[in-house]
Amino acid sequence: MHNLSMALKNLKNNFSFYALYLLSVTFVITVFFAFTSFSMNAVMLEKISNDGRVETMCNTISVFLMAFVVFYMSYSNRFFLRRRTKELGIYALLGYRKSTILSLLITENLLTCSGAFIAGILLGGFFHKGIVFGITKLLDLAVNHSEIPFFNPNAVMKTACFISAVVIVLALSNSRFLFRTSLMDLVRYEKSAEKRMSFHAVPSVIGFLAVITGYCLALDILRGAESLWLTIGFYPVGMLTSALILSGTVLFIASFLPFAVQAGKKNKRKFYTETKIITAPGFIYRIHSNSRTLIMLTLLSAATLTVSSVMALSLYYPIAAVSRMAPSEIECRIENESEITAFKQIINEYSPGDDVTFLQTDIYKVTSTAGQLPVEYSIGTSKGDSDNEKILRDAGFECIPFSNYTVLLEAQGRTKALEQLATLNNNECILIKYQPDSDNDETGNVYPLLIGNHEIPVTVTAVTLDNPISFANSVGTLIVSDDLYHMLTEQAVPAAKVLSINGKSIEDNEALFQALSEYLSGSPYLQGNSHRVHEIFSLSSSTFLLIGFLVVLFFIATGSILYFNNVSAITDSKSDYDILRKMGYTDRKIKKIIQKQTAAFFIIPFLFGLADCIFATLVYKSALMQNILKNSLVLYTPTMAAIMLTFIIYLAYYRMTVHTCCKAVLTK
Amino acid sequence: MSALLEATEVTKIYARAQHPSLNKVSFSVAKSEFIAIMGASGSGKTTLLNVLSTIDTPTSGSITIDGVNIKNLSDSGAADFRRDKLGFIFQEYLLLDSLTIFENIAVPLTLQKLPPKKIENMVRSLAEAFGIDPQLNKYPNELSGGQRQRASALRAIVKRPSILFADEPTGALDSSSATDLLNTLKESNESLNTTILMVTHDAYAASFADRILIFKDGCIIRELFRQNDDRRTFYESIAREVAKLDTER
Ligand SMILES: Nc1ncnc2c1ncn2[C@@H]1O[C@H](COP(=O)(O)OP(=O)(O)OP(=O)(O)O)[C@@H](O)[C@H]1O
Ligand SMILES: [Mg+2]
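Keep in mind that what you see is a predicted model, and the values were worked out from it rather than measured.

Conventions used here
- Residues numbered from 1 in each chain as written.
- Chains lettered and ligands numbered in written order.
- Predicted model: local features only at pLDDT ≥ 70, side-chain atom pairs only at ≥ 80, totals over all residues.
- Heavy atoms only, no water.
- Domains from an automatic or database assignment.
- Contact = heavy atoms within 4.5 Å.
- Buried area = accessible area lost by both parts, 1.4 Å probe.
- Salt bridge = Lys/Arg side-chain N within 4 Å of Asp/Glu carboxyl O.
- Polar contact = N/O pair within 3.5 Å; in protein donor to acceptor, adjacent residues only side chain to side chain.
- Helix = DSSP H or I, 4+ residues; strand = E, 2+ residues; numbered from the N terminus.
- Nonpolar A, V, L, I, M, F, W, Y, C, P; charged D, E, K, R; others polar.
- Pairing = 2+ DSSP bridges.
- Axes fitted to C-alpha atoms, helices over the stretch in contact; angles between N-to-C directions.
- Disulfide = S-S within 2.5 Å.
- Buried < 20%, exposed > 50% of the residue type's maximum accessible area, 1.4 Å probe, protein only.
- Phe/Tyr/Trp six-rings, centres within 6.5 Å; stacked < 30°, edge-to-face > 60°.
- Lys NZ or Arg CZ within 6 Å of the ring centre and 35° of its normal.

**Some thoughts on the domain arrangement of chain A**
Residues and elements named next belong to chain A.
Stage number 1. Along its sequence, chain A is carved into domain 1 (1-192), domain 2 (197-264), domain 3 (268-327 + 531-668) and domain 4 (357-502).
Stage number 2. Taken together, the contacts link 23 residues of domain 2 with 22 residues of domain 3.
Stage number 3. Note on domain 2 versus domain 3: buried area summed over both sides is about 1900 Å², and carbon and sulfur give 87% of it.
Stage number 4. For the pair domain 2 and domain 3, the interface holds zero salt bridges.
Stage number 5. At the junction of domain 2 with domain 3, the criterion picks out one residue pair in polar contact (both at pLDDT 80 or more).
Stage number 6. Mapped onto the side of domain 2 that touches domain 3, the elements with two or more residues apiece are helix H10 (201-219) and helix H12 (234-264).
Stage number 7. Here the side of domain 2 that touches domain 3 gets 13 residues from one element, more than from any other, and that element is H12.
Stage number 8. In terms of residue class, the side of domain 2 that touches domain 3 is built from 19 nonpolar, four polar and no charged.

**Examining the sheet that holds strand E6 (residues 86-89) of chain B**
Residue and element names in this part refer to chain B.
Stage number 1. Pairing in this open sheet of six strands is mixed, and the strands run E6-E7-E8-E3-E9-E10 from one edge to the other. Where the open sheet ends on each side, the last strands, each with one partner, are E6 and strand E10 (219-225). On average, adjacent strands in this sheet sit at an angle of 20 degrees to one another, irrespective of strand direction.
Stage number 2. Pairing analysis gives four bridges linking E6 to strand E7 (residues 163-167), with the strands arranged parallel. Considered in E7, the bridge of Ile 89 is made with Ala 166.
Stage number 3. The strands touched by helix H2 (residues 75-85) within the sheet are E6 and E7, with E6 carrying the most contacts at an inclination of about 80 degrees.
Stage number 4. Set on the sheet, helix H6 (residues 175-191) makes contact with strand E3 (34-39), E6, E7 and strand E8 (195-199); between it and E8 the angle comes to about 150 degrees.

**Remarks on the state of the cysteines**
Residues and elements named next belong to chain A.
Stage number 1. Summed over all chains, the structure comprises zero disulfides over all chains.
Stage number 2. This cysteine, Cys 613, is not joined by any disulfide, and Cys 216 carries the nearest cysteine sulfur, 18 Å off.
Stage number 3. Given a relative accessible area of 0%, Cys 613 falls into the buried group.
Stage number 4. Among the cysteines around Cys 661, which has no disulfide bond, Cys 662 carries the closest sulfur, lying 6.9 Å off.

**Overview of the packing of aromatic side chains**
All names here are of chain A.
Stage number 1. Counted under the stated rule, the structure contains 30 aromatic pairs over all chains.
Stage number 2. Plain terms: the ring middles of Tyr 377 and Phe 397 are 4.9 Å apart, the flat faces sit at 70 degrees to each other, and that makes the pair edge-to-face. Taken together, the residues span a long stretch of sequence, with Tyr 377 in helix H16 (residues 375-378) and Phe 397 in strand E3 (residues 397-401) at a distance of 20 residues. Of the two residues examined, Tyr 377 and Phe 397, each falls in the buried class.
Stage number 3. Feature note: the residues Phe 602, Phe 606, Phe 647, Tyr 650 and Tyr 654 constitute an aromatic cluster, connected by ring pairs.
Stage number 4. One Lys or Arg, Lys 344, reaches over the ring of Phe 358 and ends 5.0 Å from the middle of that ring.

And the structure:
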C-alpha cells in the first residue's frame with residue numbers, strides 16, 4: 001500500500017488516539033505562537049517597558065519556552081510511539097522494511113504536526129489578542145487594537161521554523177529507536193521492560209540523609225546572626241543546600257522510595273491486604289521504570305511552586321510594607337504655612353471631598369549622650385542604609401508629641417494600634433522601630449535627652465512598628481508626652497514640619513499626586529500611600545505577568561505529563577485488572593487500587609515541591625528581603641494561596657486521570 | 001451425588017449474532033468431579049465458561065452453583081461470589097508481572113482477608129506439595145511457560161474454590177509441561193476434592209477428566225464417561241470420538 005494512503009488510513013482508524021496527540025501538539029504550538037507574537041508586539045512592549053527589562057525577560061522566558069516545547073513534544077512523541085510499538089512490530093513481522101515503517105511514521109507525524117500547526121496558529125492568534133486585551137484592561141493602557149496584527153508574519157515564520165526543527169529532531173530520534181530495537185522487542189515491547197530489580201541500602205540512606213540535611217540547613221537561617229548562612233556566607237551555603245536537596249531528591253525517588261516500600265513488604269500484616277499486595281509491587285515496578293520522569297516532574301513542580309510562592313511574596317510584601325513606608329495618604333514637608341493653602345486648593349481642584357484632614361507635625365531633633373543608643377538614632381547618617389538615600393540626615397531622636405501621634409493614627413484609620421496605646425508620663429517615651437528586632441528590645445532603656453542645657457532622662461515604655469510618619473520624613477522617631485514636647489518647642493526650632501493629609505475621597509487619585517509632585521517640583525519628601533501601591537503595581541506588573549505565564553506553563557506541563565504517564569501505565573496493564581476482576585475484585589476495589597497507584601505519582605512531586613517551596617520561601621524571606629514588617633503568619637498568605645492553588649490544580653488533574661483510567665479499565 | 005453446579009436451558013445470543021452461541025444447554029456437575037469440555041473452534045466452549053463463571057450473563061436459562069442462583073447476583077455480589085467460590089486458569093497464564101510468584105498466589109487469599117500468618121502457611125505448604133517452592137520468590141518473567149501456568153493453577157487452587165474453571169490451560173504448553181499441569185489439576189481434584197471444569201481441544205488433556213462433554217454449535221452433542229477405564233483406554237476412546245466428529249463435518 002502506498003505510504004501516504006496507509007498513513008491516512010491509520011489516522012482515520014485511530015482517530016481518538018491521534019486526536020490526543022494532535023491536541024497536545026496544538027496546545028504547545030498555541031502557547032509558543034502566542035508568546036512569540038507577544039514578544040514581537042512592538043506596540044505593547046513600548047507601553048509596558050521603559051528600560052528594556054521586559055524585553056530581557058521575554059528573551060529569557062522564550063529560552064524556557066523553547067526547552068518546554070522540545071521537552072513536551074518529545075515526551076508526547078515517545079508516549080505515542082511507545083503505545084504503537086506493537087503495531088509497528090506487526091508491520092515488521094509482515095515484512096515491511098524498517099525504512100518503510102519509518103517513513104510511515106514520519107508521514108503521520110508530518111500530517112499531525114501540520115494540522116496542529118494550523119490550529120495552533122489560529123488559536124495562538126486569539127490567545128495573544130486575549131493577553132493583550134487583559135493587560136491593557138489591567139494596567140489601564142490606551143492601545144489601538146487595530147495596530148496589533150492577528151498574525152504577525154515574523155512570529156508565524158519563527159514558529160514554523162522552530163516547530164519544523166523539532167519535528168526533524170523527533171524524526172531522527174524515532175529512527176534511532178526503530179533501528180535499535182530488535183523485532184522481538186518491538187512485538188513485545190510493552191512486556192519487555194521488566195528486569196529483576198535491585199535494592200541498594202547505601203544510596204537510599206544517602207538520599208534520605210541528603211534531603212534531611214538540606215532542609216535542616218535551610219531551617220538554620222532562622223537562627224539569625226548565628227546561622228551558617230551569615231557566618232559562612234549566603235552564596236556557598238545556598239549552593240550547598242540546593243546541591244544537597246537536588247541530589248537527595250534524585251536518590252530519594254530513585255532509591256529510597258522503592259527500598260522503603262520493599263522493606264515495608266516485610267510487614268506482613270500491612271502488606272497482605274487485597275489492595276496493598278497489588279499496589280506496593282506495582283509502585284516499586286513503576287518507580288523503577290519511571291524514576292527519571294518522576295524526578296523531572298518533582299523538580300518541575302518544586303520550581304513551579306517556589307517561583308509562584310516567591311513571586312506572590314515579593315509582590316505582596318512591598319504592598320504590605322506601604323503602610324510603613326507611606327502611612328498617610330499624602331505626606332510632605334512644608335516650609336511655611338502659606339503652602340498649606342496652596343495644597344488645599346490643589347486638592348479641592350482634583351477631589352472636592354469634605355472628609356480630608358490636614359495635620360501638621362513639627363519634628364524636633366534631640367541628641368542624647370547615652371552610651372548605648374538604638375540603631376534608629378543614627379540610621380541614614382551615611383549612604384546606603386535607609387529608605388530615602390538621596391538625603392543624609394543628622395543623628396538624633398526626632399520627637400513628636402503623643403497627642404499628634406494618636407490623631408495621626410486615627411486619621412490613617414489604624415484603630416488597632418490606637419487601642420494598644422497608654423498615655424505617657426513626662427519621663428516616658430515610645431520608640432518607633434525601623435525594623436523588627438527581637439534580639440535587642442529597647443523597652444525599659446533610659447535615654448537622657450539633651451534639651452537646652454538640661455539632660456532629661458526618658459524611659460522607653462514601648463517600642464512600636466506603627467510609625468505615623470514615613471521614613472522619608474522621619475527616622476528615629478520618639479513619641480514624647482505633650483508637656484515634654486512643649487518644653488522642646490520653647491528651646492529649639494523644629495527640624496522639619498510635616499503635613500499629613502488623609503481622607504477617603506483623595507485615595508487612589510494618581511492625578512492629584514502628580515499635581516502635588518509638580519507643585520513641589522519632585523520633592524523626595526512627598527510620599528503617598530495609594531501612589532506607592534500604584535507605583536509597585538505598574539513597576540512589577542509586566543514582570544509578574546511574564547513569570548505568571550511561565551508558572552502556568554509549568555503547571556500545564558507537570559499536569560499533563562502526570563496525566564499521560566498514569567493513563568498509559570494503567571491502560572497498559574488493563575489485562576492485569578481483568579485478571580483481578582475475574583478473581584473477584586469488585587469494581588470499587590479496583591477503582592481504589594487505581595486511585596492509590598495514581599495518587600502516589602501525584603503526591604510525590606507535590607509533597608517534594610511543597611517542602612522545597614516552603615524552605616526556599618523561608619530562606620528568601622529571611623535573607624533576601626528587606627525586613628520592616630512584623631513577622632507574622634499573615635505575611636505568608638500569598639505563599640499559602642500559591643500552595644492552595646497548586647493543590648487544587650493537582651487535585652483536578654488527579655481526578656481527571658483517575659476518571660480516564662477507570663473508564664479505560666472498567667469497561668466490559 | 002449432590003449437584004454442585006446445575007445449568008438449565010442456558011442460552012447465550014450475542015448482540016448482532018445470527019446463531020446462538022449457546023443453545024439451551026443443560027447439564028449438572030457433581031461435587032469433586034473433573035469435567036472436560038471439548039468441541040470445535042467456535043462451538044461455544046469459552047462462552048459457556050464465561051456464563052457459568054459470572055463473567056458474562058446468559059440470555060436465558062438458569063445457573064445454580066453451590067445453591068446460589070447466579071442470575072440474582074448484583075455486580076459486586078458476583079465479584080464476591082467469584083472471590084469466595086470460583087477459581088480460574090486461562091490459556092495465557094495471566095500472572096501479574098510486577099508481583100512475585102508467592103505474591104501472585106497470595107492475592108486471592110488477601111482478597112478473602114485471611115490473617116497474614118495463615119496466608120503464608122497456605123501458600124508455602126501448597127507450593128511444597130506441588131513442587132514449585134524454589135520459584136516462589138521469582139517474578140513471572142523469570143519462569144518458563146509451564147512453570148507460570150502451574151503457578152497460575154496454584155493461584156486458582158489455593159483458596160479451595162468450589163469450582164475451578166480452566167479455559168484451554170494447556171493450549172500454550174509443550175507436552176511435558178502440559179502433563180505437569182494436568183497432573184497438578186488431577187492431584188488437586190483427588191486430594192483436595194477440587195471440582196474442575198476444563199475446556200480443551202486436546203484428547204490427551206481430556207483423558208485426565210472423569211467425564212467429557214462434547215460441544216457443537218452451542219449444544220452438547222455427546223457425553224463420555226471414564227467409568228473404570230484407565231487413562232490410556234479412556235484416551236483412545238476420546239480420540240476415536242473426536243475422529244468421528246471430524247469425519248461428520
Ligand atoms: N463477544 C462476542 N460477541 C459476539 N459473538 C461472539 C463473542 N464471543 C464469541 N462470539 C461467538 O460465539 C461463538 C462461540 O464462541 P466461543 O468463544 O465460545 O468459542 P470457543 O468454543 O471457545 O472457540 P475456541 O475453541 O476457538 O476458543 C462463536 O461463533 C463466536 O463468533
Ligand atoms: Mg475459546
